[in-house]
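# Observations on the three-dimensional arrangement
Now for the letters of each chain:
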Amino acid sequence: MGFALALGFVERGHSVTVWNRTASKAKPLEARGVRVASSVEDAIADAEIVVGNVNDYPTSAALLSPVARALRHKLFVQLATGTPRQAKEAAAWAREHEIRYLDGAIMATPNFIGQPGCTILYSGEKALFDESSSVFAALGGNALWVGADIGHASALDAAILIVLWGSLFGTWHAAAICEAEGFPLDAFASALGATMPVVEGALKDSLDRIAKRRFAADETTASSVDICHASARLIQEMSKEHRIHPGLTEALETIFGRATIAGRGADDVAAVYQGMRE
Ligand SMILES: NC(=O)c1ccc[n+]([C@@H]2O[C@H](COP(=O)([O-])OP(=O)(O)OC[C@H]3O[C@@H](n4cnc5c(N)ncnc54)[C@H](OP(=O)(O)O)[C@@H]3O)[C@@H](O)[C@H]2O)c1
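Residues numbered from 1 in each chain as written. Predicted model: local features only at pLDDT ≥ 70, side-chain atom pairs only at ≥ 80, totals over all residues. Heavy atoms only, no water.

## Some details on the overall build of the protein
Our working definition: Secondary structure is summarised from DSSP: a helix means a run of H or I of at least four residues, a strand means a run of E of at least two, and numbering begins at the N terminus for each. Here the globule rule reads 2.2 Å times residues to the power 0.38, and the radius of gyration is calculated from C-alpha atoms. Using a 1.4 Å probe on the protein chains alone, a residue whose accessible area is under 20% of its type maximum counts as buried, one over 50% counts as exposed, and one in between counts as partly exposed. Should any heavy atoms of two residues lie within 4.5 Å, those residues are counted as being in contact. Here the positive residues are Lys and Arg and the negative ones are Asp and Glu; neither His nor the chain ends is included. Where a charge lies is defined by one atom per residue type: Lys uses NZ, Arg uses CZ, Asp uses CG and Glu uses CD.
Each helix and strand in the protein was counted, giving 12 helices and 7 strands. A globule of 278 residues ought to have a C-alpha radius of gyration of about 19 Å, yet the protein, at 23 Å, is considerably larger. In terms of principal-axis extent, the alpha carbons of the protein reach across some 65 × 40 × 30 Å. The proportion of buried residues among the 278 residues of the protein is 35%. Sequence-distant contacts, at least 24 apart, represent 64% of the contacts inside the protein between residues at least 6 apart. Separation of charge centres in the protein, based on 25 positive and 32 negative side chains, amounts to 5 Å.

## Regarding the sheet that holds strand E4 (residues 75–78)
As a reminder of what qualifies: For two strands to pair, DSSP has to find at least two bridges joining them. Each axis is a line fitted through C-alpha atoms, taken for helices only over the stretch in contact, and angles between the N-to-C directions span 0 to 180 degrees.
What the 5 strands build is an open sheet, ordered E3-E4-E5-E6-E7; its pairing is mixed. At either margin of the open sheet sits one strand with a lone partner, and together these are strand E3 (49–52) and strand E7 (142–145). The mean inter-strand angle of the sheet, taken between neighbouring strand axes irrespective of direction, is 25°. Pairing analysis gives 4 bridges linking E3 to E4, with the strands arranged parallel.

## Regarding the environment of Leu7
Tracing the sequence through the fold places Leu7 in helix H1 (residues 2–11). The exposure class of Leu7 is buried, given its relative accessible area of 15%. With 22 residues separating them along the chain, Leu7 and Leu29 place their C-alpha atoms 7.5 Å apart.

## A short note on the domain arrangement of the protein
In plain terms, the rule: Segment limits for the domains were obtained from an automatic or database-derived domain assignment.
What the domain assignment reports for the protein is domain 1 (2–151) and domain 2 (184–277). For domain 1 versus domain 2, the distance between C-alpha centres works out to 39 Å.

This is the structure:
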């Protein structure tokens, strides 16, 4: 990812210096006009903006703590993936050392960096984001400031990723059902595509209901807790027959079960959400 970020900046005319622990990985960037520094301190010495993208926050902190004085008054943008708590801790450290700080989350794989469809989320002081937004535009067409709360980029990153993971795990479970039943995966892929509008509608409706706490069944309810729980149990039953890993179906049973025990069977299926936070 760091390689792609450096390329994104240099290809849009910015002067870029990189440091990487394994210098040989950064070396090919020299031919593209990037200066490869010999140390972290060397990399940040002349920088106006310092972008961090190592594997995680503790590594980043270990690398930057010894050079905190050199970062003073510069803008540091953390683009490693972390949690809202880690973002808050990093911001407190930055404040203590008079380092201007934005926290970011890259919602893309490296091949998307610099492309119009590349979304990167930023949180922290709006003025800091605004003053450098033309620089952030080098990394992709969709540089989004998501709020002054420094943890919000990480929070939104996690929220979107868990939707992705939920969908991927569902897809893997689905592929196992199809294979076990001898149904071709390419035909499954087309059928899945055709049902996407229904899935998207259900996601949006659920979010709206959760936000408004509108859990009782009403005239727009499409499915009740009971009917969805029953279909989840059928999937569990057929998955058991095919010895498919029970992790996903057991998780569904646990959460659906909470709604059923709480007497929410006749409610809109969005009522299951209450069991996620109790
Ligand atoms: N790849 C993606 O699709 C993607 C998408 C969104 C966000 N991100 C985030 O971007 C960050 C980097 O991801 P990546 O995919 O580039 O991972 P990666 O290929 O594993 O690279 C990790 C980077 O961290 C450095 N590093 C690890 N431990 C270190 C240490 N102890 N001291 C100094 N440097 C250290 C590595 O240096 P060496 O080269 O010397 O090992 C390398 O530059 C992660 O936080 C990731 O979650 C990645």
